[in-house]
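Chain by chain, the residues:
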Amino acid sequence: VRNMSISDVVNKVVSLYKNNKVVSVNANAVASGLPALLVASSASYCMDNLGCDAETIAIGAAAVDYVAYLGLQGALYYQGNHQSYSGSVGRKKLRKELMHLYTSELPANVLYYSMQGPLHYVLMNHDLNAAVANQLAWVASIAVERVVHTFIGWKTGLFKQKDN
């Protein structure tokens, strides 16, 4: 076993991210989900302080989460692949790839939100703070959703390496 410097480890991680679509798509989903979770947890906290009931908080937080997530994920996907999206042909390619990504992810998103919202609601009804309940529901739901989306991605060809 060779001793690796921090720089070597960082270079290997960056290379894995750039060269493995399974890794990059899942890393982007989690990286998009974390800031979206922060926004949704903040929304949960605000709605709770405004006196909203648990059902309204769970539904509102899920809506905020979804909008933030899609925008962040699209931006990260573009950033990770921007060299192949120049000009009008590139923009068309980006739209096509994002639609493939979002379409292949739709069943997993349905699963995620069908778990996350009710779990958020149940945790709040067990006297957890709305923001903490949202965070715990996210952790459980994202783990299941990532496995399901990865399986769907393999089946639909999302992870095939394409020539630019």
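What counts and how
- One numbering rule holds for all chains: residues counted from 1, following each sequence as written.
- With the structure being a predicted model, the display of local features is reserved for residues of pLDDT at least 70 and the display and counting of side-chain atom pairs for 80 or more, all residues being used for whole-chain, interface and lining totals.
- Hydrogens are left out, water is left out, and the side-chain values use all remaining heavy atoms of the structure.
- Axis lines are fitted to C-alpha atoms, over the contacting stretch for helices. Their N-to-C directions set the angle, which ranges from 0 to 180 degrees.
- Numbering of helices and strands runs from the N terminus, with a helix taken as a DSSP run of H or I at least four residues long and a strand as a DSSP run of E at least two residues long.
- Roughly parallel means an angle under 35 degrees; roughly antiparallel, over 145; roughly perpendicular, 65 to 115; everything else is oblique.
- Helix crossings are classified by the rotation of the near helix relative to the far one: an anticlockwise turn of less than a right angle makes the crossing left-handed, while a clockwise turn makes it right-handed.
- Residues are grouped as follows: nonpolar covers Ala, Val, Leu, Ile, Met, Phe, Trp, Tyr, Cys and Pro; charged covers Asp, Glu, Lys and Arg; every other residue, Gly included, is treated as polar.
- Two rings belonging to Phe, Tyr or Trp (six-membered ring only in the last case) form a pair when the distance between their centres is within 6.5 Å. Interplanar angles under 30 degrees mark stacking, angles over 60 mark edge-to-face geometry, and anything in between is tilted.
- Each residue is placed in one exposure class: buried if its accessible area under a 1.4 Å probe, protein chains only, is under 20% of its type's maximum, exposed if it is over 50%, and partly exposed if it falls in between.
- For the purposes of these results, a polar contact is taken to be a pair of N or O atoms within 3.5 Å, where, inside protein, one atom must be able to donate a hydrogen and its partner to accept one; residues adjacent in sequence count only when each atom of the pair is a side-chain atom.
- Here, nonpolar core refers to any group of buried Ala, Val, Leu, Ile, Met, Phe, Trp, Tyr and Cys residues whose side-chain atoms link them within 4.5 Å.
- Note on definitions: a residue-residue contact is assigned when non-hydrogen atoms from the two residues lie within 4.5 Å.
- When two cysteine sulfur atoms are found within 2.5 Å, that pair is recorded as a disulfide.

Draft legend 1. Representation of the packing of helix α2 (residues 21–49) against helix α5 (residues 130–156) within the structure. Relative orientation of the contacting elements α2 and α5 amounts to 155°, with a least axis distance of 10 Å. It follows that α2 is roughly antiparallel to α5 by the angle criterion. Of the two possible hands of crossing, α2 and α5 adopt the one that is right-handed. Considered class by class, the residues forming the contact of α2 with α5 number 12 nonpolar, eight polar and two charged.

Draft legend 2. Spotlight on the packing of aromatic side chains. A full pass over the atoms with the stated rule returns two aromatic pairs. Judged by centre distance (5.4 Å) and plane angle (90°), the rings of Y66 and Y113 are edge-to-face. Remark: Y113 occurs in helix α4 (residues 87–125) and Y66 occurs in helix α3 (residues 54–81); sequence separation between them is 47 residues. Here Y66 falls in the partly exposed class, since its relative accessible area comes to 29%. The exposure class of Y113 is buried, given its relative accessible area of 18%.

Draft legend 3. Molecular detail of the environment of N20. Of note, N20 is situated in the loop between α1 (6–19) and α2. A residue is classified by how much of its surface remains accessible, and N20, at 27% relative accessible area, is partly exposed. Along the sequence, N20 and L72 sit 52 residues apart, while their C-alpha atoms lie 20 Å from each other. Side-chain polar atoms of N20 contact the backbone nitrogen of V22, separated by 3.0 Å.

Draft legend 4. Here's a closer look at the nonpolar core. Among the nonpolar cores identified, the biggest contains 11 residues, and these are A40, A43, M47, A54, I57, A58, A61, L123, M124, A130 and A133. Here this core gets four residues from one element, more than from any other, and that element is α3. Excluding its chain neighbours within four sequence positions, the residues that come into contact with A133 are H120, L123, M124 and L128. With eight residues, the next largest nonpolar core counts Y77, Y85, L94 and L158 among its residues.

Draft legend 5. Spatial organisation of the state of the cysteines. Under the counting rule described, the total for this entry stands at zero disulfides. The thiol of C52 is unpaired, and the distance to the nearest cysteine sulfur, on C46, comes to 9.9 Å. Assessed through its relative accessible area of 27%, C52 is described here as partly exposed.

Draft legend 6. Up close: the side chain of D65. If you trace the backbone, D65 turns up in helix α3. Polar side-chain contacts of D65 include one of 2.4 Å to the side chain of Y113.

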